[in-house]
Amino acid sequence: MVANVAIPYDAKQLSNVRVNLPSVVRSVDLLTSALIKRVTDAELLQYTLRALQLTDLTTLAGDDTESNVARLCFRAAYPFSNLAAHARMKGKVHTAAVCVYPSRVADAHRALTALGMVDRIQIASVATGFPSGSYPLETSLQEIRYAVGQGATEIDIVIDRSLVLTGRWQELYDEIVAMREACGDKVHLKAILAIGECGTMVNVYKASMVAMMAGSDFIKTSTGKEAVNATLPVGLVMIRAIQKFYRITGKKIGLKPAGGVRTVRDAIAWMIMIRETLGEEWLKPELFRFGASGLLDDVEKQFYAVSKRL
């Protein structure tokens, strides 16, 4: 998939934006609740494996070391403790990416290279002053360039929420354009909106549009460090922005919920909502990801439980 490129800033796309939150919540319920209840065991197994393949397995702790990043990469490549399960699936089931701090990118690259998976599992790095997004722009750009130089194939930037809260949309656009350029034309850019700190759903929609205009390949809900992270209603607001952007430009932009997606049931609700709004074509790693560190535990649990029932 070719990386996105910026289009000119268009303030008209931010005018007359209204979000009826009660209506959004009702829409989420209509889109997901009944369908979740009708999921069969065979479909549950398919959803479980797909959730795994859409996951960015993440470690973003202050005590990360080379050894625990290596363990993370092994888990990404071999997510089931029973290696016989991997043999049956011929090694095709692995996570989409690992996500680490810039200082740990080289560790991830070495580990995935040793596993023979460096061309199959992406290396995502957070950047731009994660999780605050409050670093000076030049510092943020240096951080991106460093991570790319160490082997990152995806960069998860954090936007400056102060620009959102004060309505400085052109400035936000300009910053993300500079970050897009720092990534180069082969590295994908995910823009973390930190929706729990954007103030309103209208701001979430506008921030989504600005990030996409500025060249983001994905818009991502959260850092996972805010009080409010990925929720289905905020996901639907971001989906509406993706749909509008697609109608305007013909460009397909990805979505990444992060923080709060801990169980297969959580993941199924998101996958159903994506399928019912954006379509089945969005349910692939190029256009949809889960940012998670704990989801994989429930994936393994459900995989074994459902496999026994079938």
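Residues numbered from 1 in each chain as written. Predicted model: local features only at pLDDT ≥ 70, side-chain atom pairs only at ≥ 80, totals over all residues. Heavy atoms only, no water.

As annotated in an unreviewed UniProt entry, the protein is deoxyribose-phosphate aldolase from Anopheles quadriannulatus. The record in UniProt for the protein states the following under Pathway (unreviewed entry): "Carbohydrate degradation; 2-deoxy-D-ribose 1-phosphate degradation; D-glyceraldehyde 3-phosphate and acetaldehyde from 2-deoxy-alpha-D-ribose 1-phosphate: step 2/2." What UniProt records for the protein under Catalytic activity (unreviewed entry) is the sentence "2-deoxy-D-ribose 5-phosphate = D-glyceraldehyde 3-phosphate + acetaldehyde". (UniProt positions renumbered as here; feature names shortened; annotations may be inferred.)

Caption draft 1: Structural context of the pairing of strand β1 (residues 55-58). The alternating pattern of β1 places T55 and L57 and D56 and T58 on opposite faces, both of which are buried. Where β1 meets strand β8 (residues 290-292), 3 bridges bridge the pair, whose relative direction is parallel. Its bridge partner being in β8, L57 is matched across the sheet by A292. Note that β1 and strand β2 (residues 97-100) share 3 bridges and pair parallel. (Buried < 20%, exposed > 50% of the residue type's maximum accessible area, 1.4 Å probe, protein only. Helix = DSSP H or I, 4+ residues; strand = E, 2+ residues; numbered from the N terminus. Pairing = 2+ DSSP bridges.)

Caption draft 2: Focus on the UniProt feature "active site" (unreviewed entry) in the protein. Those residues carrying the UniProt feature "active site" (unreviewed entry) are K220 and K256 in this numbering. In terms of the greatest pairwise C-alpha distance, the residues named above, spread along 37 residues, form a tight cluster of at most 4.5 Å across. Of note, K220 is situated in strand β6 (residues 218-220). Judged by relative accessible area, which is 4%, K220 ranks as buried. Ignoring anything within four residues of it in the chain, the contact list for K220 reads D156, A191, I192, L193, A194, M238, K256 and A258. Within the element layout of this structure, K256 appears in strand β7 (residues 254-256). Beyond its immediate stretch of four places on either side in the chain, K256 contacts D56, D156, K190, F218, I219, K220, T221, R289, F290 and G291. Side-chain polar atoms of K256 contact the side chain of D56, separated by 2.8 Å. (Contact = heavy atoms within 4.5 Å. Polar contact = N/O pair within 3.5 Å; in protein donor to acceptor, adjacent residues only side chain to side chain.)

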